[in-house]
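Results of the structural survey
These are the residues of each chain, in order.
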Amino acid sequence: MARATPDGSRPPPFPDRLAFQTRMKSIPSSAPAEPNADPVRSALLQRLAQTITDQIPITKSMGFTVESYSAEGLRVSMPLEPNRNPHQTAFAGSLNALCTLAGWGMTNLILGEAGLAGAVVLRRSSIKYREPVNTDHVAALCLPPPEGDLRYFLAMLQEKGQAKLELAVQIEGTDSERPAVLYGGSYVVSQGSRA
């Protein structure tokens, strides 16, 4: 059973290792746009990439890239070189930022696909650094929420004008048996005052 936080809520979930391995292996590290990709999904992905680059300045110095969005999740990445620490591995702050951006991006894509809009903010997050990340290309995969959670999130957003979505992000390490980084984030969307 998950331990409650001081405010009585549960920490964001960490998905299982097998699901992570399957998803990470199915997405090439430099996933090109699919020739028969859904044009709406492609447009949303391009708009997300532009929004992140234009409105979140740290992403430029990180070398942040939005790579792909599919049923497997949202894949984002950064090069190791501008994000390394003195040990020549990825800096924990950069890894956290990469994961946070992946969840923020996934939430915005879900809104776009549903034809909804709102301000997305991170309410709470937790992260586990299980091993150093030293690959030249650091990729994070934000897993889609379970279908029931997604339906509830969208229903609450439409009914109340505000809703929370729990998302999980994982970063692959050198050991393909388990992710190097596990992140859980609780994202809140608010549509502002409703008439």
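Here's what I pulled together on the structure shown here. (Residues numbered from 1 in each chain as written. Predicted model: local features only at pLDDT ≥ 70, side-chain atom pairs only at ≥ 80, totals over all residues. Heavy atoms only, no water.)

1. Points about the overall build of the protein
The helix and strand tally for the protein stands at 5 helices and 6 strands. In sequence order, the secondary structure elements of the protein are arranged as α-α-α-β-β-α-β-β-α-β-β. When each of the 195 residues of the protein is scored for burial, the buried share is 42%. Considering only residue pairs separated by 6 or more positions, the protein has 75% of its internal contacts joining residues 24 or more positions apart. Summing over all exposed atoms, the protein offers an accessible surface of approximately 10300 Å²; the carbon and sulfur share of this is 54%. (Helix = DSSP H or I, 4+ residues; strand = E, 2+ residues; numbered from the N terminus. Buried < 20%, exposed > 50% of the residue type's maximum accessible area, 1.4 Å probe, protein only. Contact = heavy atoms within 4.5 Å. Areas by Shrake-Rupley, 256 points an atom, 1.4 Å probe, with all protein chains shown as cover.)

2. Some details on the sheet that holds strand β2 (residues 73-79)
Judged by pairing direction, the sheet is antiparallel, and its 6 strands sit side by side in the order β1-β2-β4-β5-β6-β3 without closing on themselves. What marks the edges here is a single partner per strand, and that holds for β1 (65-70) and β3 (119-129). The average undirected angle you get between the axes of adjacent strands in this sheet is 25°. Pairing of β2 with strand β4 (residues 137-143), which is carried by 6 bridges, proceeds in the antiparallel orientation. Bridge assignment links proline 79 to a residue of β4, and that residue is histidine 137. Sheet strands in contact with helix α2 (residues 39-55) are β1 and β2, and its direction is about 155° off that of β1. Its contacts with the sheet place helix α5 (residues 147-160) against β5 (162-172) and β6 (179-190), and it is angled at close to 145° to β5. (Pairing = 2+ DSSP bridges. Axes fitted to C-alpha atoms, helices over the stretch in contact; angles between N-to-C directions.)

3. Some points on the pairing of β5
Summarising the sheet, β4 and β5 pair through 4 bridges and their orientation is antiparallel. Counted as the bridge partner of leucine 141 is glutamine 170 from β5.

4. Section: unusual backbone geometry
In this structure, glutamine 88 is a non-glycine residue whose phi angle is positive, near 70°. Residue position: glutamine 88 is located in the loop between β2 and α4 (92-113).

5. A closer look at the packing of aromatic side chains
Considering all chains together, one arrives at 0 aromatic pairs under this definition. Taking NZ or CZ as reference, arginine 41 lies 4.2 Å from the ring centre of tyrosine 69, over its face. (Phe/Tyr/Trp six-rings, centres within 6.5 Å; stacked < 30°, edge-to-face > 60°. Lys NZ or Arg CZ within 6 Å of the ring centre and 35° of its normal.)

6. Overview of the nonpolar core
Judged by nonpolar contacts, the single largest core of 45 residues is most densely connected at Leu74, Leu98, Phe153 and Ile171. Contributions of two or more residues to this core are made by α2, β1, β2, α4, β4, α5, β5 and β6. At 11 residues, the largest contribution of residues to this core is made by α4. If sequence neighbours within four positions are ignored, phenylalanine 153 has contacts with Ile110, Leu111, Ala163, Lys164, Leu165 and Val189. (Core = buried A, V, L, I, M, F, W, Y, C linked by side-chain atoms within 4.5 Å.)

7. Some thoughts on the pattern of salt bridges
In the structure shown here, the tally under the stated rule is 7 salt bridges. Taking the shortest distance from any N to any O, the salt bridge between arginine 84 and glutamate 81 comes out at 3.0 Å. Taking relative accessible area as the criterion, arginine 84 reaches 36% and is therefore assigned partly exposed. The class for glutamate 81 is exposed, based on a relative accessible area of 53%. (Salt bridge = Lys/Arg side-chain N within 4 Å of Asp/Glu carboxyl O.)

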